[in-house]
Amino acid sequence: MQKFLWILLVALPLFVWGQDKRPDASLDWERFFMPGVGYTNFIPQHNMDSLGLFHGINAQIVIFSVGNSDKDMLGYLRIEGRYSQLGSSKKGGENLSYWGFSALGSFERGIRRHFMVPYYGLELGGISRSSAEQGFQFSPVLGFNIYQAERVLVHIQAQYPYVNNREFDQYSGLQLQAGVSVAVW
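Read on for an overview of the structure. Sequence order as written defines residue numbering, which begins from 1 separately in each chain. Given that the model is predicted, a residue must reach a pLDDT of at least 70 before its local features are reported, and side-chain atom pairs must reach 80 or more before they are shown or counted; all residues, however, enter totals for whole chains, interfaces and linings. Excluded from the side-chain calculations are hydrogens and water; all other atoms, namely the structure's heavy atoms, are used.

## Re the pattern of salt bridges
Proximity of charged atoms lets side chains of opposite charge pair with each other.
And step 1. Each salt bridge in this description consists of a side-chain nitrogen of Lys or Arg and a carboxyl oxygen of Asp or Glu lying within 4 Å of one another. In total, this model carries four salt bridges according to the counting rule given.
And step 2. A salt bridge links Glu108 to Arg113; the shortest N-O distance between them is 2.7 Å. With respect to class, Glu108 is no different from Arg113; both count as buried. Three exposure classes are used, based on accessible area relative to the maximum for each residue type with a 1.4 Å probe and protein chains only: buried under 20%, partly exposed in between, and exposed over 50%.

Next comes the structure, spelled out in structure tokens:
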């Protein structure tokens, strides 16, 4: 995992320097309501021996997405909602449900490429366990749009949910997600 992160950090400047210097009309768009699906892994910070690792599918909807190749404007902005249903790897373990709304933006202005666009953001939402208890969570998010265009979005991201509830303290940890969203109309 550490080698992968080092390769990613070394390769990122090559993608940025490799941007096409000419504006391209296909890089400017506004999209509303792009449904998507993804897969999530969650690694709890505490009590991993008793809780296990969590994984499962998620449904997401990109409420608003905009791409901009103008060098004076934010290159990418996305607002989305997500629901994840995760099961524990331990037999008899609990199921978790995460839901939230995210605001995500690019680090760069005027992006002139479709591949490997880094972004950051914040997710606000909730968590519930199979025992029907619920709590509030917020997550800082870092990710990459592996491919972004007007009608298709493929992304990977990492986030760290902080849970604001004593009964859920053990459910803060690292969440890794991959997803695909497609404009269907």
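## Some points on the environment of Phe54
And step 1. Among the secondary structure elements, Phe54 is positioned in strand 2 (residues 54-67).
And step 2. Distance in space between the C-alpha atoms of Phe54 and Gln85 is 9.3 Å, their sequence separation being 31 residues. Working definition: helices are DSSP H or I runs of at least four residues, strands are E runs of at least two. Numbering for both runs from the N terminus.

## So, the side chain of Gln60
And step 1. Relative to the elements of secondary structure, Gln60 occurs in strand 2.
And step 2. A relative accessible area of 4% means that Gln60 is categorised as buried.
And step 3. Contacts are assigned to residue pairs with any non-hydrogen atoms lying within 4.5 Å of each other. Apart from the residues within four sequence positions on either side, Gln60 is in contact with Met34, Pro35, Gly36, Val37, Gly81, Arg82, His155, Gln177, Gly179, Val180 and Ser181.

## Quick word on the side chain of Gln137
And step 1. Looking at the secondary structure, you find Gln137 in strand 6 (residues 134-148).
And step 2. Side chain to side chain, Gln137 and Glu123 meet in a polar contact 3.1 Å long. What qualifies as a polar contact is a pair of N or O atoms within 3.5 Å, subject to a donor-acceptor requirement within protein and to the restriction that residues adjacent in sequence count only when both atoms come from side chains.

## Brief notes about unusual backbone geometry
Residues apart from glycine generally show negative phi values, whereas peptide bonds are mostly found in trans.
And step 1. The backbone of Phe33 shows a phi angle near 55°, a positive value even though the residue is not glycine.
And step 2. Within the secondary structure, Phe33 sits in strand 1 (residues 29-44).
And step 3. Here Met116, not a glycine, exhibits a phi torsion of approximately 50°, which is positive.
And step 4. If you trace the backbone, Met116 turns up in strand 5 (residues 115-129).

## Describing the packing of aromatic side chains
And step 1. Centres within 6.5 Å are what make two rings of Phe, Tyr or Trp a pair, Trp counting through its six-membered ring; a difference in plane orientation under 30 degrees is then read as stacked, over 60 as edge-to-face, and the rest as tilted. Across all of its chains, the model carries nine aromatic pairs by this definition.
And step 2. Each ring, one from Phe138 and one from Tyr162, has its centre 5.4 Å from the other, and the planes form 25°; the classification is stacked. You can see Phe138 sitting in strand 6 and its partner Tyr162 sitting in strand 8 (residues 162-163), a full 24 residues away along the chain.
And step 3. Judged by its relative accessible area of 33%, Phe138 falls in the partly exposed class.
And step 4. Above the ring of Tyr119, the side-chain terminus of Arg78 is found at 4.9 Å from the ring centroid. Consider the ring centre and the ring normal. A charge sits over the ring if Lys NZ or Arg CZ is within 6 Å of that centre and within 35 degrees of that normal.

## Looking at the nonpolar core
And step 1. Listed in full, the 10 residues of the largest apolar core are Phe42, Leu51, Phe54, Leu86, Leu96, Tyr98, Ile127, Val163, Phe168 and Tyr171.
And step 2. Grouped together as the second largest cluster of nonpolar side chains are eight residues, Trp29, Met34, Leu153 and Ala183 included. Residues grouped as a nonpolar core are buried Ala, Val, Leu, Ile, Met, Phe, Trp, Tyr and Cys residues, joined through side-chain atoms within 4.5 Å.

## A look at the pairing of strand 6
And step 1. Between any two strands, at least two bridges found by DSSP are needed for them to pair. Sheet analysis places strand 5 next to strand 6, joined by 13 bridges and oriented antiparallel. Paired with Leu124 across the two strands is Phe138, which belongs to strand 6.
And step 2. Where strand 6 folds back on strand 7 (residues 152-159), the antiparallel hairpin that results is connected by three residues.

## Focus: the pairing of strand 3 (residues 76-88)
And step 1. Note that strand 2 and strand 3 share 11 bridges and pair antiparallel. Looking at strand 3, one finds that Ala59 is bridged to Tyr83.
And step 2. Bridge count between strand 3 and strand 4 (residues 95-106): 11 bridges; the pairing is antiparallel. When the sheet's bridge partners are listed, Arg82 is paired in strand 4 with Gly100.
And step 3. Linking strand 3 to strand 4, which pair antiparallel, is a turn of six residues; within it Gly92 sits at a positive phi near 75°.

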